[in-house]
Amino acid sequence: EDQEVLQSSTTKKIYRILDDIEEDANWLDERIWSADREKFPSSVKLNDEEYPCFTAEGFAWAYALVTSRSFFVDGTSRIVPVMDMANHDDLGVEEVSRGFMGAFGTTKGVELRSGKVRQYKQGEEVFVSYGPKSAAEYLIEHGFVPDKLREMTTS
């Protein structure tokens, strides 16, 4: 089903990103990781399960983890604790910008502005908009295609 959605969207970006990830991982392996497998193990064992670490597969997993949880804040991609758990909604938060918090207002954080489209009540789940993107961009960067976009591309 995702392949059908992708056919109506450009997939060139996906293949370019996947090629770049593979090239970067190969470069790192040739020049850094394979030179010292004690510091850069190819896998790690946790709870009797083996996980790829400093390999092309481990690098792709790390890339996916970071890109699917980061947000642009004032033009810079950042991972913000708790915000990485916010789900997508086109009518979510209108803007995520740099802000300060704490008793003295000196601790760095982010400020969320919901705008006029959506007003949140105390205790309600807060959504953020991952931005206007193609089906391919949503799939590669966040691992899903929003229902609205899926309906538009398959109808």
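No experiment lies behind these values; they were computed from the predicted model shown.

Student: Could you give an account of the pattern of salt bridges, with specific residues and numbers?
Tutor: Tallied over the full model, the rule gives 2 salt bridges. Notably, a salt bridge pairs Arg-37 with Asp-29, separated by 2.5 Å at the nearest N-O pair. We note a salt bridge from Arg-31 to Glu-30, for which the minimum N-O separation is 3.5 Å. Here Glu-30 falls in the exposed class, since its relative accessible area comes to 59%.

Student: Lay out the pairing of strand E2 (residues 49-52) with the relevant residues and their values.
Tutor: In the sheet, strand E1 (residues 43-46) pairs with E2 via 4 bridges, with the strands oriented antiparallel. Following the sheet pairing, Ser-43 is matched in E2 by Pro-52.

Student: Outline the nonpolar core, listing residues and values.
Tutor: With 12 residues, the main nonpolar core is built from Phe-71, Val-73, Val-80, Met-83, Ala-86, Val-128, Tyr-130, Ala-135, Tyr-138, Leu-139, Val-145 and Leu-149. Elements supplying a minimum of two residues to this core: strand E3 (71-73) and helix H4 (135-142). Among the elements that line this core, the one with the most residues is H4, at 3 residues. Not counting chain neighbours up to four residues away, the residues in contact with Leu-149 comprise Lys-133, Ser-134, Ala-135 and Tyr-138.

Student: How would you summarise the side chain of Thr-67 if you had to cite specific residues and measurements?
Tutor: Its place among the elements puts Thr-67 in helix H3 (residues 56-69). Within polar-contact distance, the side chain of Thr-67 engages the backbone oxygen of Ala-64 at 3.5 Å. Residues within four places of Thr-67 in sequence aside, it is in contact with Ile-140, Glu-141 and His-142.

Student: Explain H4 to me, using residue names and the numbers behind them.
Tutor: Burial runs high along H4: 6 of the 8 residues are buried. For H4, the set of buried residues is Ala-135, Ala-136, Tyr-138, Leu-139, Glu-141 and His-142. At the exit of H4 stands Gly-143, carrying a positive phi of roughly 80 degrees.

Basis of the calculations
Residues numbered from 1 in each chain as written. Predicted model: local features only at pLDDT ≥ 70, side-chain atom pairs only at ≥ 80, totals over all residues. Heavy atoms only, no water. Salt bridge = Lys/Arg side-chain N within 4 Å of Asp/Glu carboxyl O. Buried < 20%, exposed > 50% of the residue type's maximum accessible area, 1.4 Å probe, protein only. Pairing = 2+ DSSP bridges. Helix = DSSP H or I, 4+ residues; strand = E, 2+ residues; numbered from the N terminus. Core = buried A, V, L, I, M, F, W, Y, C linked by side-chain atoms within 4.5 Å. Contact = heavy atoms within 4.5 Å. Polar contact = N/O pair within 3.5 Å; in protein donor to acceptor, adjacent residues only side chain to side chain.

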